[in-house]
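# Residue-level structural notes
Each chain, letter by letter, is given below.
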Amino acid sequence: MPAGARYLNARVVRNEDARLLTGRALFVDDVQLPGMLHVAFVRSEYAHGRITSVDVSAARQRPGVAAVYTAEDLGAYLKPGPILVSPPPIPGLVFHPCTQLPLAKDKVRHVGEPIAMIVAESRYVAEDALRDVSVDIDPIDAIVDLEKGLAPGAPLIHEHLQSNAAAHVVQRKGDYAGVRGSADLIVRRRFLYDRGVSAAMENRAVAVQWNARAEELTIWDTTQAPIPIRNGLAQMLGLLESQVNVIAPFVGGGFGPKIMMFYPEELLLPWAAMRLNRSLKWTEDRQENFYATTQERGQVHDAEMALTKDGRILGVHDVFLFDTGAYDPYGLTIPINTQCTLLGPYDIPHYESEFTAVFTNKTIVTPVRGAGRQHGVFVSERLLDLAARELGVDRVEIRKRNLLGPDRFPVNHEIMFQDSAPLIYDSGDYLPTLEQAAEMIGYDAFVRDEQPKLRAAGRHVGIGVACYVEGTGIGPYEGARVTVEPSGKVRCATGVGTQGQGHFTVFAQLVADALGVDVEHVKVVTGDTREFHWGTGTFASRGAVVAGSACHAAAMAVREKILNLASAVLNVPKEQLELADGRVFVAVEPDRGLSLGELSAKANPLRGAVRPGTEPGLESTAYFGPDRGSTASGVHAMILEVDAETATVEIKRYLVVHDCGTIINPMLVEGQIHGGVAHGIGNAFYEQLVYDEQGQLLNASFMDYLIPTATDVPSIETAHRETPSPYNPMGLKGVGEAGCIPTGALFAQAVEDALAGSGVEITEIPLSPNRLFELIERAKEGRT
Amino acid sequence: MILNGTFTFNGPRAKVWELLQDPAVLAKALPGTKSLTKVGENSYEGVMKVSVGPMSAAEFAVNVELKDQVPPERFVMHVDGKGGVGFTKGTATIELLEIKDQAGPVTVMNYSSDMQIGGKIAAVGQRLLESVGKMMTKQALDALNAELKARL
Amino acid sequence: MKPAAFEYFRPRSVDEALSLLAEHDGDAKPLAGGQSLIPAMNFRLATPSVLVDLNGIPELGYIKDDADGLRIGGMTRQRQIERSPLISSKAPLMAETMPHIAHVAIRNRGTIGGSVAHADPAAELPALMVALNAELEISSTQGKRSVPASEFFLGLFTTAVQPGELLTEIRIPLAAERSGSAFLEISRRHGDFALVGVVAVVRLDAQGLCADARIALLSVGDRPMLAEQAIAVLKGQRPSAELIRAAADAAAGGDIDPSSDIHASARYRRQLANVLTRRVLERAFERARSA
């Protein structure tokens, strides 16, 4: 970045907020097209069963209904969806790919699976027509529990397989079995960690326009990955990629499930639009979202940690089950993340991790913010806490004794990460982060002085500190095109989508600094394949790192063009030139220069050829693809109070010390952390998808699926540290998921500390007051 | 949903058993029954409209089968109901004991039922399902008891 | 989540509303704040064929006082009650309870008559009516009648209001001398349906003994439960810490019939009922002593 970069580490107010806050932004449901029809889906009420008949004749007769489609009507288009992420090449890996049909045929495997699509003049009429469709399903016993799903004789969800196991993977480092015998202490427990929905403010939506005369298909879609959608749909529909435009306009939150590409609705609406030669729209309602949009679910871990009597970790052995839902299109990203993130910032020389992915009769599981990392962190942090208690070592002290030192980087953990590259920590400095967090929360003084006083007064106040490491910014690549227009304004187009992260500001900051313009004069365009069609999407905390680096690279290339051309125009060597305030000028004679707009006009001459080796205009396209991800890390700390009579919990303080490398906009980083912590608090204490034994979701609304509100989330104190990543020119690391990764572990630790001496041990998340009450009562009974 | 309980009928067991086997009586007693007809030796078909406050849309097509009958002591009832707002499927075990009371014979009914509820009402009605189940059970048993007294 | 089709009427007077309800006997629902009815209709759990919108009848919204107490029109918005100086000064228990009802946005539209007539067992206003022993005025095409709160709530979502009738006025008696009151509830999040709530009014006699008590609990049965056993423990006795504990035990043990749901087991609800009854009584008696 050029010297004097005024927007690096700057708290720039967001370019996009005025439009968003005044309702002037375009979301998919705002798309209105002439003659547009509306879609609703008949969905399975049963979690598992054989479809014996589907009768849509009455629905087709209803006035206002344009068409009703079932699996029978799709012909050759009825194909299982693609596998979106192939499992990495881990030796011995077993993976059974089973993906969903766009409309169910023969069998249903989760409540909410779409069986028929109704196209009508309004959503009201489409929903009226749902009642006209008669579906007969012979129920089969549903698989809801992971261990029961693997038991012999359990009904098979995918009948061509021998069992309900979707995958089996073992990763090893060192020799745990060999070192176990020499341990002074082995701590072993069963851990349960359940997750939830992403609960984005905007549900999914798809609007489609088929222009038969131009032979062009335009799709507005709340996707996090417009480019792969365009490419995949073009192929499936027999069109050229360039005949398909996919636009992800403003999207109200993604968090993962909107990346799960090729949802039935995404596949069916374009197909039907072409057949009917009408525009179509489908907007998911909140209740549908609980069934039809992917979620992340539970894992069951049987884990042990071997330590010396000083609390030094010799090794960890973890065997776990992972719930993948009814199908497994997203491969094994989540459980592999769990395997990798368990290692944390600690020096764990021997590690064996084995998991079995299990099909269940529930909604498909794909990554939700954190994507399996929280499960790994929960296991290692809890084992350390329990070890600390048994060894009589302080919880912060035991962590310090095991942290990887700064001299160890890059750290090669020898196991494979989700991006098919070996897990390597590129940079980090963990001890100062832990010390800063402990100091900010006042850990020593609290444990030594304040807590004993509170306990003597009969109050149950606990403190917790939890550490984590997060792989971010993975490839494959992203690209960007930067253009200086004759008005002097700059346009930056990139392929990733935006779901509220602030890309319109963050990328603008990078470009503004490279070109010396005002950040408000940089217009960023994202998520529109008409503008940019090479790239992947927004996920895995990679937007700023990968797309940001591409924007920076493209802007720097334009900067070179500016300097070269200005040097020729002003007849001055380019080393003597400076860019600032939208102008390029001679540094020592600032009046001698021209605006970038003027220069851009000169770069596109009406007379006089563009010389060989040059291009017209001030525009450049650049791509960035890191070799591997960069490692962010952090420490969360919290103080909370438990009312032992009512088992309710109140958070008194919450803080985050975070290292995401070079920071572009600290305000947006804080926003990401606050959002992540709120999400983490939700998963730790409020959110749980409650399924009954037959796979019925019992809380498919926000009345009963509880996400924390503003009154439930405390003020979050934050501090930043920076260890720049060596894998991209600006040293950036991702931060989108960090806030929610250690929260569950932290909650468990702090609640257990508040109730120290009661015998309550917390090995499961989420907690609720009801559950905490049960644990307290059970501990009381255990002691009497 | 598990609903277990006890209810005391003011009358002899044989009479209670008779009432429980009579579809016309059941149709009057079970709240919201629009129709209930015997279609086989031990099976019934009917339509029930369950109304709870403003929630008036719950109409179910119901199949009931009586099994493992040991008159007049016990029987098992299998219920299968389907409607626009969801479905219900389950089993109830009914046991009747006669007790001699100074006022005359009374019948103590022990019931234990496990009903699976699915679809929309299960998804958004959790807060109320148990209360509704208790309420409907109470209404039905009170109505049966009133019918019993009327016949004695 | 779009509702099924329905016919819609917007009468301009109570009489017109009552005629419409009588005419469409059984098929018509009155629409007050809509905060419970409209979501049920959007879920298609409620499918009334006729809606009679009461929001065009200004004469039903008022807060007045007279010698006997306060009179509140059925369509008075909850938010208006919450912010009324008359309510704060003459019915402090009501003022204390209102902020616990859902959220401000809901209270802006929700009405007192709608909430009381809907009689959700987890709602605050029905329990408040029982604790205050309010008088509920019911109107129909046949005239008006008055029902005390103790006889108004008959079962799950069932009140003395018959189809075709409207709850048009709520009458709150004035607080007696040497009385104190308190409200407490526990919910998962601010604004949620309470897991358990307790609202109590107590009165001391000149000797400082408990002359009278009304304790109502919400979310522990199919309707607001009056804790009669707890009241029996307190009456005529000196309200010591032990007595209050005994009353709380009686309330949690015998006076309630809580159900289990995914948020709280019946057992946990009994625990909360016990703790909250104790805390509410402690606070109410303290306020009675300083009154």
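Residues numbered from 1 in each chain as written. Chains lettered and ligands numbered in written order. Predicted model: local features only at pLDDT ≥ 70, side-chain atom pairs only at ≥ 80, totals over all residues.

## Describing the overall build of chain B
Heads up, the condition is: Numbering of helices and strands starts at the N terminus; helices are DSSP runs of H or I of at least 4 residues and strands are runs of E of at least 2. Put simply, the radius of gyration uses C-alpha atoms, and a globule should come to 2.2 Å times the residue count raised to 0.38. As a rule, residues whose C-beta atom has 12 or fewer other C-beta atoms within 10 Å are exposed, those with 20 or more are buried, and those in between are partly exposed; C-beta atoms are placed from the backbone. C-beta atoms are placed from the backbone for every residue, and two residues are taken to be in contact when these atoms lie within 7 Å.
For chain B, the count of helices and strands is four helices and seven strands. The C-alpha radius of gyration computed for chain B amounts to 15 Å, which stays within 12% of the reference 15 Å derived for 152 residues, consistent with globular compactness. Over its C-alpha atoms, taken along the principal directions, chain B stretches across nearly 50 × 35 × 25 Å. For chain B, buried positions account for 33% of its 152 residues. A fraction of 48% describes how many contacts in chain B between residues 6 or more apart in sequence connect residues 24 or more apart.

## Re the domain arrangement of chain C
Interface size is commonly expressed as the accessible area that is lost once the parts come together. Residue and element names in this part refer to chain C. The condition is simple: Each domain's limits were defined by an automated method or a database of domain assignments. Just so you know the grouping, Ala, Val, Leu, Ile, Met, Phe, Trp, Tyr, Cys and Pro go in nonpolar, Asp, Glu, Lys and Arg go in charged, and all remaining residues, Gly too, go in polar.
What the domain assignment lists for chain C is domain 1 (7–54), domain 2 (65–173) and domain 3 (180–290). Breaking the side of domain 2 that touches domain 3 down by element, the ones donating at least two residues are helix H5 (92–97), helix H8 (124–132) and strand S8 (153–155). Per-element accounting of the side of domain 2 that touches domain 3 gives the leading share, seven residues, to H8. Grouping the amino acids of the side of domain 2 that touches domain 3 by side-chain chemistry returns 15 nonpolar, six polar and two charged.

## Considering the packing of helix H17 (residues 666–686) of chain A against helix H18 (residues 743–754) of chain A
Residue and element names in this part refer to chain A. The cut-off we apply is this: Here an angle of 0 to 180 degrees is reported between the N-to-C directions of two axes, which are lines fitted to C-alpha atoms, with helices fitted over the stretch in contact. Orientation is classified from the angle alone, with under 35 degrees giving roughly parallel, over 145 giving roughly antiparallel, 65 to 115 giving roughly perpendicular, and any other angle giving oblique. What makes a crossing left-handed is the near helix being turned counterclockwise from the far one by less than a right angle; a clockwise turn instead makes it right-handed.
Contact geometry for H17 and H18: axes closest at 8 Å, N-to-C directions at 55°. With respect to their mutual orientation, H17 and H18 come out oblique. Between H17 and H18 lies a crossing of right-handed hand. In this structure, H17 uses Val677, Gly680, Ile681, Asn683, Ala684 and Phe685 to contact H18, whose residues at the interface are Thr743, Gly744 and Phe747.

## Some words on the interface of chain B and chain C
Contacts between chain B and chain C engage 16 residues on the former and 21 residues on the latter. Looking at the side of chain B that touches chain C, the elements that each hand over two or more residues are strand S4 (55–70), helix H3 (120–124) and helix H4 (126–151) of chain B. Broken down by element, the side of chain B that touches chain C gets its largest block of residues, seven residues, from H4 of chain B. In terms of residue class, the side of chain B that touches chain C is built from eight nonpolar, four polar and four charged.

## Details of the sheet that holds strand S26 (residues 618–624) of chain A
All names here are of chain A. Convention followed: Between any two strands, pairing holds if DSSP finds at least two bridges.
In spatial order, the strands read S22-S21-S20-S26; together these four strands make up an open sheet with mixed pairing. Every interior strand has two partners, whereas the edge strands, strand S22 (522–526) and S26, have only one. This sheet shows a mean twist of 15° between the axes of neighbouring strands, independent of strand direction. Note that strand S20 (residues 478–484) and strand S21 (residues 490–494) share five bridges and pair antiparallel. Bridge pairing in S21 places Arg481 opposite Ala493. Contacts from helix H14 (residues 503–515) reach S20, S21 and S22 within the one sheet, and its direction differs from that of S22 by about 135°.

## Structural notes on the sheet that holds strand S24 (residues 583–586) of chain A
Residues and elements named next belong to chain A. Taken in spatial order, the three strands of this open sheet run S23-S24-S25, and their pairing is antiparallel. In this open sheet, the two strands that pair with only one neighbour each are strand S23 (577–580) and strand S25 (589–595). For this sheet, the mean angle separating the axes of adjacent strands, direction not counted, is 35°. The strands that helix H15 (residues 543–570) touches are S23, S24 and S25; relative to S23, the one it contacts most, it runs at about 125°.

## A few points about the environment of Glu531 of chain A
Residue and element names in this part refer to chain A. The residue Glu531 is located in the loop between S22 and H15 in this model. Exposure remark for Glu531: the 17 C-beta atoms within 10 Å place this residue in the partly exposed category. C-alpha of Glu531 to C-alpha of Asn245: the two residues are 286 residues apart in sequence and 9.5 Å apart in space. Apart from residues no more than four positions distant in its own chain, Glu531 is found in contact with Ala493 and Val525.

## Quick word on the interface of chain B and chain A
Facing eleven residues of chain B, the contacting portion of chain A comprises 13 residues. Elements with a minimum of two residues in the side of chain B that touches chain A: strand S6 (86–101), strand S7 (104–118), H3 and H4 of chain B. For the side of chain B that touches chain A, the element with the highest residue contribution is H3 of chain B, accounting for three residues. Of the residues belonging to the side of chain B that touches chain A, the class tally is four nonpolar, six polar and one charged.

## A few points about the confidence of the model for chain B
To keep things clear, this is the line we draw: As a per-residue measure, pLDDT tells how confident the predictor is, with possible values from 0 to 100.
Taken as a whole, chain B shows an average pLDDT of 91; of its residues, 100% reach a score of 70 or greater. The secondary-structure element of chain B with the lowest mean pLDDT is helix H2 (residues 23–29) of chain B, recorded at 88, while strand S1 (residues 2–9) of chain B shows the highest, at 94.

## Concerning the nonpolar core
Heads up, the condition is: When buried Ala, Val, Leu, Ile, Met, Phe, Trp, Tyr and Cys residues are joined through C-beta atoms within 7 Å, the set is termed a nonpolar core.
Core analysis: the biggest nonpolar cluster contains 367 residues, and Ile118 and Val511 of chain A together with Ala200 and Leu217 of chain C have the highest contact counts within it. Among the elements that line this core, the one with the most residues is H15 of chain A, at 13 residues. If near-sequence neighbours (up to four positions away) are discounted, Ala200 of chain C is found in contact with Ala131, Ser181, Ala182, Ala213, Arg214, Ile215, Val280, Leu281 and Ala284 of chain C.

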